[in-house]
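# Observations on the model geometry
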Amino acid sequence: MSNSTNPWQSFLAAQGAQFDAQGAAIFAASTVGAQLFDLSSSGLIAISGADSETFLQGQVTNDIKLLAQGAQFNGYCSPKGRLLALFYSFSLNDVIYLQCPRALIADLVKRLRMYVLRSKVLVEDASDRLLTFGLASDTLATSMPQLPTAAHQLAHDTHGTLIRLTDAGKQQRALLVVSHEQAQASWLSLSAIFAPASTTQWEALEVQAGIPQVYAATKEQFVPQMINLDALNGINFKKGCYTGQEIVARTHYLGKVKRRTMLAQLSAGEHTPQAGDVLHDAQQQEAGLLVRVAPATNNGWWVLAECRLEAQAAGAINWQGQPLAFQDLPYALP
């Protein structure tokens, strides 16, 4: 359903979009070819000020000093080492941006501000200042000549800032960060090359690329390694202390990661799987949780499933009686 009070959604509605309850755009476009995605259902937190780098270094799992080398994943943990959020982080014009589901941002901004104290740091919701688009094509580098060759590298384009993401199968992918003022013109220009496509199709590419997410339903359910954040280079074990660091480091150095997130497919059924749903093994004992879910083109579902490793090895994990068909992750687990 379109929200007429949201100028960006009103613009997209004029381009043929509808919106689901989470604000994700729905287009009646082909599921193949070069595609353009509205990612405004994800938002951005802006961290600025003279002490912003030092401040974030004590809050998240990765080494913020390395943002100068490219974008990175970051976990934001409770004191017990459980994830409150998963950020995709990048720096533009001396401001650090943290991308995550928009529904979480108000609470995260409030929590981060609690720890600013006397530091010269400003924590803001920047979701309406900057918008993000997704781009996907098997020839994306040809369509976007400024596209970096390596994942997580940034380049400036006439539309904004391009960040190369990991591929999903044969699909090359990028995040495009645009100013709110330029967003409409950029969307219209890009639409001449890329077909506007539903946000759920982008979610499917994210799942196929093995990229997890933390939602309200899964907050504080996972230690970072349980959703493969170490495999995604989202944890730096050599940086200083941060909230939850002791638990995360202990899990790493004692080698006791007994639960991991796996890629799988579910066939279509009567009900819709959701992140946070419980998985069971053959004895109907708890075996894990669904981490991220997206529709597949065969009317089934792509899922990332956090599982007990011994249950996954037995190959009998199910969701509401439906077996998970496990696939190979596109990256190696430590």
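Quick caveat, the model's predicted, so the values are computed rather than measured. (Residues numbered from 1 in each chain as written. Predicted model: local features only at pLDDT ≥ 70, side-chain atom pairs only at ≥ 80, totals over all residues. Heavy atoms only, no water.)

### Overview of the overall build of the chain
A tally of helices and strands in the chain yields eight helices and 20 strands. Relative to the 2.2 N^0.38 estimate, which gives 20 Å for 334 residues, the radius of gyration of the chain is 19 Å and therefore close to what a compact globule would have. Going through the 334 residues of the chain one by one, you find that 54% of them count as buried. If you take every contact in the chain between residues at least 6 apart in sequence, the share linking residues at least 24 apart comes to 68%. Total accessible area computed for the chain in this model is approximately 15100 Å², and 50% of it derives from carbon and sulfur atoms. Counting 23 positive and 26 negative side-chain charges, the chain places the averaged centre of each group 9 Å from the other. (Helix = DSSP H or I, 4+ residues; strand = E, 2+ residues; numbered from the N terminus. Rg over C-alpha atoms; globule rule 2.2 N^0.38 Å. Buried < 20%, exposed > 50% of the residue type's maximum accessible area, 1.4 Å probe, protein only. Contact = heavy atoms within 4.5 Å. Areas by Shrake-Rupley, 256 points an atom, 1.4 Å probe, with all protein chains shown as cover. Lys, Arg positive; Asp, Glu negative; His and termini not counted. Charge placed at Lys NZ, Arg CZ, Asp CG, Glu CD.)

### Considering the packing of aromatic side chains
Within this structure, the stated rule accounts for 10 aromatic pairs. With centroids separated by 5.0 Å and ring planes inclined at 55°, the aromatic side chains of F73 and Y88 adopt a geometry described as tilted. One end of the pair, F73, is in strand β5 (residues 72–77); the other, Y88, is in strand β6 (residues 83–92), and 15 residues separate them in sequence. You can call F73 buried: its relative accessible area is 8%. (Phe/Tyr/Trp six-rings, centres within 6.5 Å; stacked < 30°, edge-to-face > 60°.)

### Concerning the nonpolar core
Among the nonpolar cores identified, the biggest contains 50 residues, and F90, Y97, I163 and L175 are the most heavily contacted of them. At five residues, the largest contribution of residues to this core is made by β6. Once residues lying within four places of it in the same chain are set aside, the contact partners of L175 are L39, Y88, F90, Q99, T132, F133, T161, L162, I163 and L165. (Core = buried A, V, L, I, M, F, W, Y, C linked by side-chain atoms within 4.5 Å.)

### Observations regarding the sheet that holds strand β9 (residues 130–137)
Within a beta sheet, neighbouring strands are joined by backbone hydrogen bonds and run either parallel or antiparallel to one another. With respect to topology, six strands assemble into an open sheet ordered β10-β11-β12-β9-β3-β13, the strand pairing being mixed. Both edges of this open sheet fall to β10 (154–156) and β13 (195–197), since each of them pairs with a single strand only. In this sheet, adjacent strand axes meet at a mean angle of 30° when their direction is disregarded. As judged from the four bridges shared by strand β3 (residues 35–38) and β9, these two strands associate in the antiparallel manner. Across the sheet, residue D38 finds its bridge partner in β9, namely F133. Of the strands in this sheet, β3, β9, β12 (172–179) and β13 are in contact with helix α6 (residues 199–208), which crosses β3 at around 105°. (Pairing = 2+ DSSP bridges. Axes fitted to C-alpha atoms, helices over the stretch in contact; angles between N-to-C directions.)

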